[in-house]
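These are the residues of each chain, in order.
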Amino acid sequence: MTSRLFLSAGLLVALAVLAAVPWFASAYVLAVGITILSFTVLTTAWAAFSGPSRYVSLATSAFFGVGVYSVAVAIDYLPLPVVLAIAAAVGFAIALVVGLATLRLSGVYFVIFTFGLAELTKQVMIWYEINQNQTLARIVFVDTSTEQIYWMLLALAVATLVIAWGLRRSRYGFALQVIGEDETVARHSGINTTALKVLSFALTAALMSLAGAMMSLRFTYVDPNTAFNSFVSFQVLIMALLGGVGALFGPLLGVVPLVLLSEYLSGSFPYHFNIVLGICFVLIVFFLPTGVAGLLQGWAHRLTGRAS
Amino acid sequence: MSDELLTVDDLAKSFGGLAAVRGISFEVRAGEILGLLGPNGSGKTTVMNLISGEIAADRGRAILAGGDLIGLKPYQINRRRVARTFQLVRVLPNMTVRENIMTGVLFGADPAGRAAGRTAEDLMQRVGLGTLAGQPAGQLTYIEQKRVEMARALATQPKLLLLDEWLAGLNPTELREGMALIEQIRADGVTIVMVEHVMHAIRRLCDRVVVMNAGAKIAEGSPETALADPEVVRAYLGTDDA
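Basis of the calculations
- Residues numbered from 1 in each chain as written.
- Chains lettered and ligands numbered in written order.
- Predicted model: local features only at pLDDT ≥ 70, side-chain atom pairs only at ≥ 80, totals over all residues.
- Heavy atoms only, no water.
- Core = buried A, V, L, I, M, F, W, Y, C linked by side-chain atoms within 4.5 Å.
- Buried < 20%, exposed > 50% of the residue type's maximum accessible area, 1.4 Å probe, protein only.
- Helix = DSSP H or I, 4+ residues; strand = E, 2+ residues; numbered from the N terminus.
- Contact = heavy atoms within 4.5 Å.
- Buried area = accessible area lost by both parts, 1.4 Å probe.
- Salt bridge = Lys/Arg side-chain N within 4 Å of Asp/Glu carboxyl O.
- Polar contact = N/O pair within 3.5 Å; in protein donor to acceptor, adjacent residues only side chain to side chain.
- Nonpolar A, V, L, I, M, F, W, Y, C, P; charged D, E, K, R; others polar.
- Pairing = 2+ DSSP bridges.
- pLDDT = per-residue confidence, 0-100.
- Axes fitted to C-alpha atoms, helices over the stretch in contact; angles between N-to-C directions.
- Parallel < 35°, antiparallel > 145°, perpendicular 65-115°, else oblique.
- Left-handed = near helix turned anticlockwise from the far one by under 90°.

## Quick notes on the nonpolar core
Ile101, Met150, Leu161, Leu167, Ile182, Ile192 and Met194 of chain B are the most contacted members of the largest nonpolar core, which has 147 residues in total. Take this core: its biggest share by element is 14 residues, from helix 9 (residues 193–219) of chain A. Not counting residues up to four positions away in its chain, the partners in contact with leucine 167 of chain B are Lys146, Leu175, Gly178, Met179, Ile182, Met194, Glu196, Val198, Ala201 and Leu205 of chain B.

Have a look at this one:
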């Protein structure tokens, strides 16, 4: 009971400190903070579905891009809260349709399909923008400060963590784990696997689209190659693997070091950035197969074992 | 008044050009153990898969308590109190024994809610897994994994339990324990359909048997009568030896 109280107090203090960052941090630190928060939402949402169910999705960039473009298209006509709601709804709806079609696939077929979906979405968007809209980019004019974007993303990151926490503790989270272990057993144990997979996939997709919508305000200049950049899907996957998908804060343990590493590499090795980052990814997967969270849990088990 | 729990009527399934089940019909009476027998490839497991919704039937019906199971999804069939085990034992390998059983308790026909933990404990005791609750199921022995699978099926509170070669691969001691467990489950009021090749288990446990060959029913009756049927002997031993 006391430890839970301390944990809650610690989390509240951490949240207060994070909320205060815009008042004391430089513009550069705030920009890095925004990137970290954006990836925290994407990676935590990704891990909430793909972690337990083991349906590895590479469609993150598609849902993120849908959010980016929802804002780019609708922000001139509707107030921001409505546009954000639309972005979440569109992401949810697309994931629902895609989920119904693809979640019958499993293993590598699902991975390939989601990657194909992300690319298809990007290509359709490019085609639409060129042929129907006679342009390849849009400018997002919104009177929103960097600080406001930071706070919006912080709120979304907290909401995403709370949703992921709630899902993990619920019978639905348990059912997703059963699906990940053996879907046939899940089906024959009374679990409506299709509904559960599709709805949880769509819920996490909506969070990804919201992140994209908020980042759209930050980008200002929006084009399909940026919005639907498939590299984002791989970054999220690697961040989740580095942090570890077995623990709630696992993805966060992957996001922070990898965003900081990317920042450092892009500054220090501007021409070899992707090569060095790629090598880092390979080393991470090779040396930390269970992620940082797994490594910490292993150390904790060892310490507990010694103590007893 | 009829005491049939399940009526299988003209059930058929083909895979491409291969007719795995050719319009089979039989009844399962409430409270009995019915053996589904036949040589390898005769279609027994396909019948189990059709009844449990794992595969879709080409035609036919499987009426349980007035409702047709054919066309329903496996989870819907499970919630109508039909549970099954698998020919190749399936446990959730990285989850503990307790978590494996909780799967059935939480999502079966009558989710146990707050009493879920106690229900799982009772089931573990009942199938002899009391001391292994915290063990990952993937680390258990073969018979222990079979017990986990059985307990998980029972956790969904079935009226009808489909056992697909549950006794296969057990040593004599395990076999005795396994047969005693099946008798106990029947005594608790669960009707059982079992696909089995262990003949003395069939003779001891089954009230009636249905024998299949090449997708069709070739005999039905008490184990003694059906297994002595010349066509059954031919199916098992071939024409020259019969």
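## Describing the interface of chain B and chain A
On the side of chain A, 16 residues touch chain B, which itself brings 22 residues to the contact. Summed over both sides, the interface of chain B with chain A buries roughly 1,900 Å², with 61% coming from carbon and sulfur. Taken together, the links from chain B to chain A amount to two salt bridges. Among the ionic pairs, aspartate 182 of chain A bridges to arginine 90 of chain B, the shortest N-O distance being 2.8 Å. Put simply, chain B and chain A have ten residue pairs in polar contact (both at pLDDT 80 or more) between them. Counting residues per element, the ones that place at least two in the side of chain B that touches chain A are helix 2 (74–79) and helix 3 (97–107) of chain B. Across the side of chain B that touches chain A, the residue classes tally to ten nonpolar, six polar and six charged.

## A short note on helix 1 (residues 44–51) of chain B
All names here are of chain B. Of all eight residues in helix 1, eight are buried; the element is thus mostly enclosed. Looking at helix 1, one finds that the buried residues are Lys44, Thr45, Thr46, Val47, Met48, Asn49, Leu50 and Ile51. Glycine 53 sits one or two positions beyond helix 1 and adopts a positive phi of about 85°.

## A closer look at the sheet that holds strand 2 (residues 18–29) of chain B
Residues and elements named next belong to chain B. Taken together, the four strands give an open sheet; going across it, the order is 2-1-4-5, and neighbouring strands pair in antiparallel fashion. Taken across any chain shown, the strands that pair with only one partner, and hence form the sheet edges, are strand 2 and strand 5 (67–68). Sheet topology note: the strand 1 (residues 4–15)/strand 2 ladder contains eight bridges and is antiparallel. In the sheet register, serine 14 faces strand 2, and the bridge partner there is alanine 19.

## Digging into the pattern of salt bridges
Applying the stated criterion across every chain, the model contains 18 salt bridges over all chains. A salt bridge links lysine 122 of chain A to glutamate 119 of chain A, with the nearest nitrogen and oxygen atoms 3.6 Å apart. Separated by three residues within a single helix, lysine 122 of chain A and glutamate 119 of chain A lie in helix 5 (residues 108–131), roughly one turn from each other. On the accessibility criterion, lysine 122 of chain A (10% relative accessible area) is buried. For glutamate 119 of chain A, a relative accessible area of 22% translates into the label partly exposed. Across the pair glutamate 183 of chain B and arginine 204 of chain B runs a salt bridge, and its minimum N-O distance is 2.8 Å. Residue glutamate 183 of chain B is located in helix 6 (residues 172–187), and its partner arginine 204 of chain B is located in helix 7 (residues 199–205); the two are separated by 21 residues in the primary sequence. According to the relative accessible area criterion, glutamate 183 of chain B is partly exposed, its value standing at 29%. For arginine 204 of chain B, a relative accessible area of 42% translates into the label partly exposed. What you see here is one network of salt bridges that share partners, running through Glu32, Arg208, Lys217 and Glu220 of chain B.

## Considerations on the confidence of the model for chain B
Averaged over all residues, the pLDDT of chain B is 92; the fraction at 70 or higher stands at 95%. Complex prediction metrics read pTM 0.90 and ipTM 0.91.

## A few points about the packing of helix 1 (residues 2–24) of chain A against helix 6 (residues 146–169) of chain A
Residues and elements named next belong to chain A. Running from N to C, helix 1 and helix 6 point in directions that differ by 165°, and their axes come no closer than 9 Å. Looking at the two axes, helix 1 sits roughly antiparallel to helix 6. Two packed elements cross with a definite hand, and for helix 1 against helix 6 that hand is right-handed. Where helix 1 abuts helix 6, its residues Leu15, Leu18, Ala19, Val21, Pro22 and Trp23 lie against Glu147, Tyr150, Trp151, Leu154 and Val158. Its residues assigned to classes, the contact of helix 1 with helix 6 comprises ten nonpolar, no polar and one charged.

## Observations concerning unusual backbone geometry
Its identity is not glycine, yet arginine 54 of chain A carries a phi of approximately 60°, on the positive side. Within the secondary structure layout, arginine 54 of chain A lies in the loop between helix 2 (27–53) and helix 3 (60–74). Under the relative-accessibility criterion, arginine 54 of chain A is labelled partly exposed at 47%. Phi angles above zero are rare outside glycine, and glutamine 157 of chain B is one such case at about 60°. Relative to the elements of secondary structure, glutamine 157 of chain B occurs in the loop between helix 5 (142–155) and strand 7 (160–164).

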